[in-house]
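# Inside the fold
Each chain, letter by letter, is given below.
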Amino acid sequence: MKSAVIVFPGSNCDRDAHDALKRVTGQAPAMVWHQDTTLPEGLDFIMIPGGFSYGDYLRCGAMASRSAIMPAVIAHAATGAPILGVCNGFQILAESGLLPGALMRNAGLNFVCEKAPLTVANSNTRFTSAYAGRSDLTIPIAHHDGNYNADEETLERIEGEGQIIFRYGRNPNGSVHDIAGVMNENGNIMGMMPHPERAVDVNHGGTDGLALFESLLGSA
Amino acid sequence: MTQYAEGITAEIVKEHGLSDEEYAIILDRMGRAPNMNELGIFSVMWSEHCSYKSSRLHLGKFPTKGDKVIQGPGENAGVIDIGDGQACVFKMESHNHPSYIEPYQGAATGVGGILRDVFTMGARPIAALNALRFGAHDHPKTRQLVSGVVAGIGGYGNCVGVPTVGGETNFHEGYDGNILVNAMAVGLADADKIFYARGAEAGQPIVYVGSKTGRDGIHGATMASAEFDDESEEKRPTVQVGDPFVEKKLIEACLELMSTDAIAAIQDMGAAGLTSSAIEMADKGGIGIELNMDTVPQRETNMTTYEMMLSESQERMLVIMKPGREDVAMRIFKKWELDVAVIGQTTDTGRMVLNHHGEVVCDMPIAPLADDAPKYDRPHFAPEVRAQISAKDVAKPAHMGNVLLSLMTSPNMASKAWIWNQYDRHVMADTAASSEDPSDAAVVRVHGTDKALAITTDCTPRYCFADPFEGGKQTVAEAWRNLTATGADPIAITDCLNFGNPERPEIMGQFVGCVEGMAEACRALDFPVVSGNVSLYNETNGVAIPPTPAVGAVGLIPNINQRAGFGGMKAGQILLAVGDTRGVMGASLYLRVIEEREDGGSPPVDLAVEKVNGDFVRGQIRSGRVVACHDISDGGLACAAADMALASGIGIKLAHEGDLPMHGFLFGEDQARYLIAADKEDAVAMLQDAKADDIPLMVVGLAGGDAISVNGAHNLDLVKLREAWEGWLPDLMNKVGED
């Protein structure tokens, strides 16, 4: 599987994303710099990693969503290729309008880092097919702005369309409907606050993130 | 008649923290009266913070060499060999004074500064730790300081993407007026690609990189070298403001520059900013420096030379490049959207010359600013020797379970999850054990290998106050024990020596005693000091903090799959105590919490026993017999057992017989001890080994049930314990309207 990780100034999970992808796909992803305007040819998958792109200044993900590489990412998304945004990557995809809703400051106002219990709300997607038959996962979270929100109409729609992919077992940030991860209508773009790349090795304390990358590999 | 340059008075000299004697030396070294710029530079370079003038004499007592030491004290950080051509770079540093005045920025910039010390040397930072001391939990300022410091540490570390994996937090009324924020950073480098402040030669370009210079932090080093009084809050403008986003870019840009062959010497701009970074590199190279102040990137207009040289604006580095290679730095730093400018060159004059607006505004010799700075042998005396207190001298409590509950929910023992949940502990995806895990030290994998570093911070100020020498020994021994309990080979330490006013002989006595005790333990345990920091004048209105020589220690776990934590114990497993339990109660947590007193001698530390017991434990962990292992420290055997029970979610039935009073067995703080859980057959094998090696090892209990009990009585229900232990800090931080 040929993949790419987009690197912004302030991205800090880019290496973790690289390592997880290499581990699962056996092929190192291309690391694409934010100032580039084109993507490598023939990409099967794009990952937008976590971190603090542009220092989280203005609004988390706002500046990255307007950076030079994003038109190419958006054009690639239109071809139906899978794109995953984790944590800050989720915020960037939401700011880009590629995913419904917005991520606000955590309800408790503090940064929260914990190994979060999650449930798989929809395992019939290209991101989650390998989770079929498993409902309870533990995947680490680490964020200050993961409080997912959307208007009632949007919520009703994404609930109805199966676009909610993961929910928190114990809501850490005030997200509506305990939402931890959502997908676009076409089913090729997903954003999630938990970090699957931090749960791919027994020494991480769990390997519940592996199946996500395996799902992508299976669908590629 | 003392000589002054135009516009300078005796009063101005005094405001710069310079004594009459020091000013006389300046006149001698300069051969004339210094102008304002030169006076400012002497002021910061001769401050306690930069010159170590009260402490240098004694720091020489630390052992600093060893098979694994690549670089000892004197550079930005220490460097140790971890095999396979890899090196670990680490240091701990205080940011006490600024954190009290402005907790968020003080703590944040403390993290930023220590990270820079590590990546300046060519290492990618892979872990951050801290050691925090606050005043009494119910002091009116404490909650605000805790929330500010924790948010600052998290705000900076989370953004730069270095996991905050461990630390300790204590509360004690001795810190009511002066909190301690000690930050440690650990990095990883190739052993043959370490960068130093030394190595520059004459005729090389000096390149400034990072943030612009502003008017923040001017005289921060001088502020950190004075006591506080009631007006200290007015010093807020001397606290720097951090930008972790710039730091993250600076890390990546510096590491990218270091992968080329263009650097001669490099130094971060920390305390005393441009002044100290330029002078340190010039002094180490035995050369001179000439800077054109017009070319320094400036955040504000009309900045004077004085302001630029004394500013402590953050996220800046000074690089001396190989001639003709400036373009390499230009290209890389522009890519990362950071300021970069050639601001001068090195010379062979041994002087620092500054030009501004076409005039020479400073021309001074470098040697008196660095190695030749004043060095004092301050008078000191040791405190009176306190009598030891044993369990027989302490009234027997009625219900041991109630005592255990009180100890475990006391401020220093209660869960600190409220704090570390605000730190990203997993970024970089190499954290195997952090604050959330039952492990005496944090465990961070060496990226891409099966090796791991075990890292801890430690200090027991109660002991250091009772007996500086024994307390100093104990601090080093406990850090060594923490690493050992994970199965690591302890390698080296960094220190962060926090004390009061060294001009008072009793405070200087605490300092000297602690240093000598630490040095003795370092020698006995083959555990050299490779870097460190001294923070003095931690006093307010003449009241000093308890002596707090914090230690940050690093060890190597050769195989990450052969290590121990203190959880995972199962019903039916045997609990064994390594080391002799005699029931030493002096300066114990028991006395402080239960009897509200802190008298008595510090527990004696037999370093030979410490070594033998620790080596035994490490060997047993590597043999695979150990299910769980925990060092026995504050609160004694019972508190160690309670930690293991909480981490494992299972009760423990302790058993005690013999002459030693039960509270001595449970809560005595004898040293060189560990608690181990093992399956029955492994326990038998261990007992045989111990007998053969003459190691004191005895069965003290059995895992099972849902309570901690002793001899079938004194029950403490685990659910009740967990609720109180986990609830203490959130209750303190979230309560409303009582202050």
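Residues numbered from 1 in each chain as written. Chains lettered and ligands numbered in written order. Predicted model: local features only at pLDDT ≥ 70, side-chain atom pairs only at ≥ 80, totals over all residues. Heavy atoms only, no water.

## Some thoughts on the overall build of chain B
Helix and strand counts for chain B stand at 24 helices and 28 strands. Whereas a compact globule of 739 residues would reach a radius of gyration of roughly 27 Å, chain B reaches 26 Å, a difference of no more than 12%. Each principal axis of the C-alpha distribution contributes one length, and for chain B these read about 85 × 55 × 50 Å. Burial status across chain B gives 66% buried among its 739 residues. Intrachain contacts of chain B at a sequence separation of at least 6 include 85% that bridge at least 24 residues. (Helix = DSSP H or I, 4+ residues; strand = E, 2+ residues; numbered from the N terminus. Rg over C-alpha atoms; globule rule 2.2 N^0.38 Å. Buried < 20%, exposed > 50% of the residue type's maximum accessible area, 1.4 Å probe, protein only. Contact = heavy atoms within 4.5 Å.)

## Brief notes about helix 13 (residues 326-335) of chain B
All names here are of chain B. Taken together, the buried positions of helix 13 are occupied by Val328, Ala329, Ile332 and Phe333. Take helix 13 and look down its axis: the buried residues cluster within an arc of 110 degrees, on one side only. What points out from helix 13, more than 90 degrees from its buried face, is the exposed set Arg331 and Lys334. Of the surrounding elements, those touching the buried residues of helix 13 are strand 7 (205-210), helix 10 (244-258), strand 10 (316-321) and strand 11 (339-347). Positive backbone phi, at 55 degrees, marks Glu337, one or two positions downstream of helix 13. (Arc of directions from axis to C-beta.)

## Re the packing of aromatic side chains
All told, the structure shown has 11 aromatic pairs over all chains when counted by the stated rule. With a centroid separation of 6.0 Å and an interplanar angle of 20 degrees, the aromatic rings of Phe90(A) and Tyr148(A) are classed as stacked. Here Tyr148(A) lies in strand 8 (residues 147-149) and Phe90(A) lies in helix 3 (residues 88-95), a separation of 58 residues in the sequence. Among the residues examined, Phe90(A) registers a relative accessible area of 1% and is labelled buried. Exposure remark for Tyr148(A): the relative accessible area of 0% places this residue in the buried category. Consider the rings of Phe171(B) and Trp728(B), whose centres lie 5.6 Å apart with planes at 70 degrees: the pair is edge-to-face. Here Phe171(B), found in strand 5 (residues 164-171), pairs with Trp728(B), found in helix 24 (residues 718-734); they are 557 residues apart in sequence, far enough to count as distant. The buried category is assigned to Trp728(B), whose relative accessible area is 17%. Here the aromatic cluster, defined as three or more aromatic residues joined through ring pairs, consists of Tyr54(A), Tyr57(A) and Phe245(B). (Phe/Tyr/Trp six-rings, centres within 6.5 Å; stacked < 30°, edge-to-face > 60°.)

## Concerning the sheet that holds strand 14 (residues 431-433) of chain B
Within a sheet, neighbouring strands are paired by backbone hydrogen bonds and run either parallel or antiparallel to one another. Residues and elements named next belong to chain B. Ordered in space as 14-15-16-21-17-18, the six strands form an open sheet in which the pairing is mixed. Edge positions in the sheet fall to strand 14 and strand 18 (529-535), since each has one partner strand and no second. In this sheet, neighbouring strand axes are inclined to one another by 20 degrees on average, regardless of whether the strands run parallel or antiparallel. Here nine bridges tie strand 17 (residues 489-498) to strand 21 (residues 548-557), and the two strands are oriented antiparallel to one another. Each bridged residue has a counterpart across the sheet, and for Leu497 the counterpart in strand 21 is Pro549. Taken strand by strand, helix 17 (residues 468-484) contacts strand 16 (452-458), strand 17 and strand 21, and its axis lies near 150 degrees from that of strand 16. (Pairing = 2+ DSSP bridges. Axes fitted to C-alpha atoms, helices over the stretch in contact; angles between N-to-C directions.)

## As for the interface of chain B and chain A
Opposite the 33 residues of chain B that make contact, chain A presents 28 residues. The contact between chain B and chain A buries some 2,400 Å² in all, and 51% of this surface belongs to carbon and sulfur atoms. For the pair chain B and chain A, the number of links is four salt bridges. A salt bridge links Asp201(A) to Arg445(B); the shortest N-O distance between them is 3.1 Å. Remark: the boundary between chain B and chain A carries 15 residue pairs in polar contact (both at pLDDT 80 or more). Looking at the side of chain B that touches chain A, the elements that each hand over two or more residues are helix 8 (142-160), helix 10 and strand 14 of chain B. Sorting elements by how many residues they give to the side of chain B that touches chain A places helix 10 of chain B first, with four residues. (Buried area = accessible area lost by both parts, 1.4 Å probe. Salt bridge = Lys/Arg side-chain N within 4 Å of Asp/Glu carboxyl O. Polar contact = N/O pair within 3.5 Å; in protein donor to acceptor, adjacent residues only side chain to side chain.)

## Some thoughts on the nonpolar core
By size, the foremost hydrophobic cluster in this structure holds 65 residues, and its most contacted members are Ile48(A) and Phe166(A). The leading source of residues in this core is helix 5 (residues 210-219) of chain A, at five residues. In terms of nonpolar packing, the next biggest core, distinct from the first, is built from 58 residues, Ala519(B), Ala553(B), Ala564(B) and Ile676(B) among them. (Core = buried A, V, L, I, M, F, W, Y, C linked by side-chain atoms within 4.5 Å.)

## Some details on the pattern of salt bridges
Under the criterion given, the structure shown has 52 salt bridges over all chains. Among the ionic pairs, Glu256(B) bridges to Lys335(B), the shortest N-O distance being 3.2 Å. One end of the pair, Glu256(B), is in helix 10; the other, Lys335(B), is in helix 13, and 79 residues separate them in sequence. Assessed through its relative accessible area of 23%, Glu256(B) is described here as partly exposed. Owing to a relative accessible area of 30%, Lys335(B) belongs among the partly exposed residues under this scheme. Of the charged contacts, one joins Asp631(B) and Arg481(B) as a salt bridge, the two residues approaching to 3.8 Å between their closest N and O atoms. A residue pair is termed long-range when its members are at least 10 positions apart, and Asp631(B) in strand 23 (residues 628-631) and Arg481(B) in helix 17 qualify at 150 residues. You can call Asp631(B) buried: its relative accessible area is 3%. Among the residues examined, Arg481(B) registers a relative accessible area of 0% and is labelled buried. Each of Arg15(A), Arg23(A), Asp201(A), Asp430(B) and Arg445(B) takes part in a single network of salt bridges with overlapping partners.

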